[in-house]
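In case you want the letters, here they are:
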Amino acid sequence: QVQLVESGGGLVQAGGSLRLSCAASGDIASINTMGWYRQAPGMQRELVASISRAGYTNYADSVKGRFTISRDNAKKTEYLQMNSLKPEDTAKYYCKFGIRRVGVTMTLDYWGQGTQVTVSS
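All figures in this text were calculated on a predicted structure; none of them were measured in a lab.

Trainee: Teacher, can you tell me more about the nonpolar core here?
Mentor: One recurring pattern in soluble globular proteins is that nonpolar side chains are buried together. In terms of nonpolar packing, the biggest core is built from 30 residues, with Leu 4, Leu 80, Met 82, Tyr 93, Phe 97 and Ile 99 touching the most fellow members. Put simply, the parts of the chain that give this core at least two residues each are strand S1 (2-7), strand S3 (18-26), strand S4 (28-39), strand S5 (46-51), strand S7 (67-72), strand S8 (77-82), strand S9 (91-101) and strand S11 (115-120). The biggest single contributor to this core is S9, with five residues. Sequence-distant contacts of Tyr 93, that is, excluding residues within four places in its chain, are made with Glu 6, Leu 20, Tyr 37, Arg 38, Val 48, Phe 67, Leu 80, Met 82, Gly 114, Thr 115 and Val 117.

Structure, rendered in C-alpha coordinates:
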(Lines give C-alpha, C1' and ligand atoms only; values in the text may rest on other atoms or scores of the structure.)
Protein backbone atom coordinates (compact mmCIF):
# COMPACT_ATOMS: atom_id res chain seq x y z
CA GLN A 1 0.00 0.00 0.00
CA VAL A 2 1.23 3.50 -0.87
CA GLN A 3 -0.10 6.70 0.62
CA LEU A 4 0.63 10.36 -0.14
CA VAL A 5 -0.27 12.88 2.54
CA GLU A 6 -0.27 16.60 1.83
CA SER A 7 -0.16 19.48 4.27
CA GLY A 8 0.36 23.23 4.37
CA GLY A 9 -2.63 24.66 2.56
CA GLY A 10 -4.76 27.46 3.93
CA LEU A 11 -6.02 31.00 3.55
CA VAL A 12 -3.55 33.79 2.85
CA GLN A 13 -3.72 37.37 1.65
CA ALA A 14 -2.40 38.36 -1.76
CA GLY A 15 1.35 38.82 -1.63
CA GLY A 16 1.72 36.26 1.13
CA SER A 17 3.45 32.89 1.21
CA LEU A 18 2.61 29.27 1.89
CA ARG A 19 4.65 26.08 1.89
CA LEU A 20 3.07 22.80 0.85
CA SER A 21 4.48 19.39 1.72
CA CYS A 22 3.68 15.93 0.42
CA ALA A 23 5.08 12.82 2.08
CA ALA A 24 4.88 9.27 0.76
CA SER A 25 4.75 6.11 2.83
CA GLY A 26 4.37 2.41 2.18
CA ASP A 27 6.27 -0.32 0.37
CA ILE A 28 8.22 2.04 -1.88
CA ALA A 29 11.31 0.94 -3.79
CA SER A 30 11.95 4.22 -5.58
CA ILE A 31 10.32 7.52 -6.49
CA ASN A 32 10.92 9.09 -9.87
CA THR A 33 9.34 12.40 -10.82
CA MET A 34 7.44 14.34 -8.18
CA GLY A 35 4.98 17.02 -9.14
CA TRP A 36 2.39 19.52 -7.96
CA TYR A 37 -0.87 20.09 -9.81
CA ARG A 38 -3.80 22.38 -9.09
CA GLN A 39 -7.44 22.52 -10.00
CA ALA A 40 -9.71 25.52 -9.61
CA PRO A 41 -13.51 25.12 -9.68
CA GLY A 42 -14.73 24.55 -13.21
CA MET A 43 -11.19 24.26 -14.55
CA GLN A 44 -9.02 21.38 -15.66
CA ARG A 45 -6.24 20.14 -13.42
CA GLU A 46 -2.96 21.72 -14.50
CA LEU A 47 0.70 21.12 -13.81
CA VAL A 48 2.25 23.68 -11.48
CA ALA A 49 5.76 22.28 -11.10
CA SER A 50 7.70 19.04 -11.27
CA ILE A 51 11.09 17.79 -10.16
CA SER A 52 13.00 14.77 -11.36
CA ARG A 53 14.89 12.37 -9.12
CA ALA A 54 18.10 14.14 -10.17
CA GLY A 55 16.65 17.52 -9.25
CA TYR A 56 15.72 18.95 -12.62
CA THR A 57 12.72 21.26 -12.29
CA ASN A 58 9.94 22.43 -14.55
CA TYR A 59 7.41 25.20 -13.85
CA ALA A 60 4.21 26.52 -15.35
CA ASP A 61 4.79 29.97 -16.82
CA SER A 62 2.23 31.44 -14.43
CA VAL A 63 4.30 30.53 -11.35
CA LYS A 64 7.87 30.97 -12.57
CA GLY A 65 9.86 33.21 -10.26
CA ARG A 66 7.27 32.89 -7.48
CA PHE A 67 7.09 29.15 -6.68
CA THR A 68 9.95 26.78 -5.88
CA ILE A 69 9.68 23.00 -5.89
CA SER A 70 12.12 20.84 -3.95
CA ARG A 71 12.42 17.28 -2.71
CA ASP A 72 14.05 15.26 0.04
CA ASN A 73 14.58 11.75 -1.29
CA ALA A 74 15.51 10.32 2.12
CA LYS A 75 12.21 11.55 3.56
CA LYS A 76 10.20 10.65 0.43
CA THR A 77 8.85 14.19 0.56
CA GLU A 78 8.41 17.07 -1.81
CA TYR A 79 7.76 20.72 -1.07
CA LEU A 80 6.28 23.70 -2.87
CA GLN A 81 7.29 27.11 -1.57
CA MET A 82 4.76 29.62 -2.87
CA ASN A 83 5.63 33.32 -2.61
CA SER A 84 3.92 36.46 -3.89
CA LEU A 85 0.63 34.61 -4.02
CA LYS A 86 -2.14 35.97 -6.20
CA PRO A 87 -5.92 35.41 -6.06
CA GLU A 88 -5.63 33.44 -9.31
CA ASP A 89 -3.47 30.89 -7.46
CA THR A 90 -6.58 29.86 -5.53
CA ALA A 91 -7.17 26.16 -6.18
CA LYS A 92 -6.93 22.70 -4.70
CA TYR A 93 -3.33 21.54 -4.94
CA TYR A 94 -2.46 17.89 -5.51
CA CYS A 95 0.87 16.10 -5.38
CA LYS A 96 1.74 13.27 -7.73
CA PHE A 97 4.64 10.84 -7.44
CA GLY A 98 5.91 8.26 -9.92
CA ILE A 99 6.49 5.30 -7.60
CA ARG A 100 7.92 1.85 -8.09
CA ARG A 101 6.77 -0.44 -5.31
CA VAL A 102 8.91 -3.14 -3.76
CA GLY A 103 8.87 -6.30 -5.88
CA VAL A 104 7.21 -4.52 -8.83
CA THR A 105 8.93 -3.52 -12.08
CA MET A 106 6.44 -0.89 -13.24
CA THR A 107 6.38 2.73 -12.09
CA LEU A 108 2.87 4.03 -11.46
CA ASP A 109 1.48 7.46 -10.64
CA TYR A 110 0.07 8.05 -7.17
CA TRP A 111 -1.89 11.13 -6.12
CA GLY A 112 -2.40 12.91 -2.84
CA GLN A 113 -5.86 13.82 -1.56
CA GLY A 114 -5.39 17.53 -2.26
CA THR A 115 -5.02 20.59 -0.07
CA GLN A 116 -6.93 23.83 -0.53
CA VAL A 117 -5.07 27.09 -1.11
CA THR A 118 -7.15 30.26 -1.02
CA VAL A 119 -5.65 33.67 -1.74
CA SER A 120 -7.75 36.68 -0.83
CA SER A 121 -7.40 40.04 -2.57
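Now that the structure has been shown, we can carry on.
Trainee: What should I look at first to understand the state of the cysteines in this one?
Mentor: A covalent bond bridging the sulfur atoms of two cysteines is what the word disulfide describes. All chains considered together, the criterion is met by one disulfide. A disulfide bridge connects Cys 22 with Cys 95, and the sulfur atoms are separated by 2.0 Å. Looking down the S-S bond of the Cys 22 and Cys 95 bridge, the torsion is 50°, so its handedness is right-handed. Linking Cys 22 in strand S3 with Cys 95 in strand S9, this pair joins segments that are 73 residues apart in sequence.

Trainee: Explanation requested: the packing of aromatic side chains in the structure shown.
Mentor: The relation between two aromatic rings is expressed through the spacing of the ring centres and the mutual angle of the planes. Counted by the stated rule, this structure contains two aromatic pairs. Between Tyr 94 and Trp 111, the aromatic rings sit 6.5 Å apart at their centres with planes inclined by 80°, giving edge-to-face as the arrangement. Here Tyr 94 is found in strand S9, whereas its partner Trp 111 is found in strand S10 (residues 107-111), with 17 residues between them in sequence. Clustering of aromatic rings is evident, with ring pairs tying together Tyr 37, Tyr 94 and Trp 111. Above the ring of Tyr 79, the side-chain terminus of Arg 19 is found at 4.1 Å from the ring centroid. The ring centre of Tyr 94 lies 3.7 Å from the NZ or CZ of Arg 45, which sits over that ring.

Trainee: When you look at the pattern of salt bridges in this model, what are you seeing that I'm missing?
Mentor: Side chains carrying opposite charge are able to pair once their charged atoms draw close together. The full count for this structure, using the stated rule, is six salt bridges. Notably, a salt bridge pairs Arg 38 with Glu 46, separated by 2.7 Å at the nearest N-O pair. For the salt bridge of Lys 64 with Asp 61, the shortest nitrogen-to-oxygen distance reads 3.1 Å. Several salt bridges converge on common partners, so that one network encompasses Arg 38, Glu 46, Arg 66 and Asp 89.

Rules of the game
- Residues numbered from 1 in each chain as written.
- Predicted model: local features only at pLDDT ≥ 70, side-chain atom pairs only at ≥ 80, totals over all residues.
- Heavy atoms only, no water.
- Core = buried A, V, L, I, M, F, W, Y, C linked by side-chain atoms within 4.5 Å.
- Buried < 20%, exposed > 50% of the residue type's maximum accessible area, 1.4 Å probe, protein only.
- Helix = DSSP H or I, 4+ residues; strand = E, 2+ residues; numbered from the N terminus.
- Contact = heavy atoms within 4.5 Å.
- Disulfide = S-S within 2.5 Å.
- Phe/Tyr/Trp six-rings, centres within 6.5 Å; stacked < 30°, edge-to-face > 60°.
- Lys NZ or Arg CZ within 6 Å of the ring centre and 35° of its normal.
- Salt bridge = Lys/Arg side-chain N within 4 Å of Asp/Glu carboxyl O.

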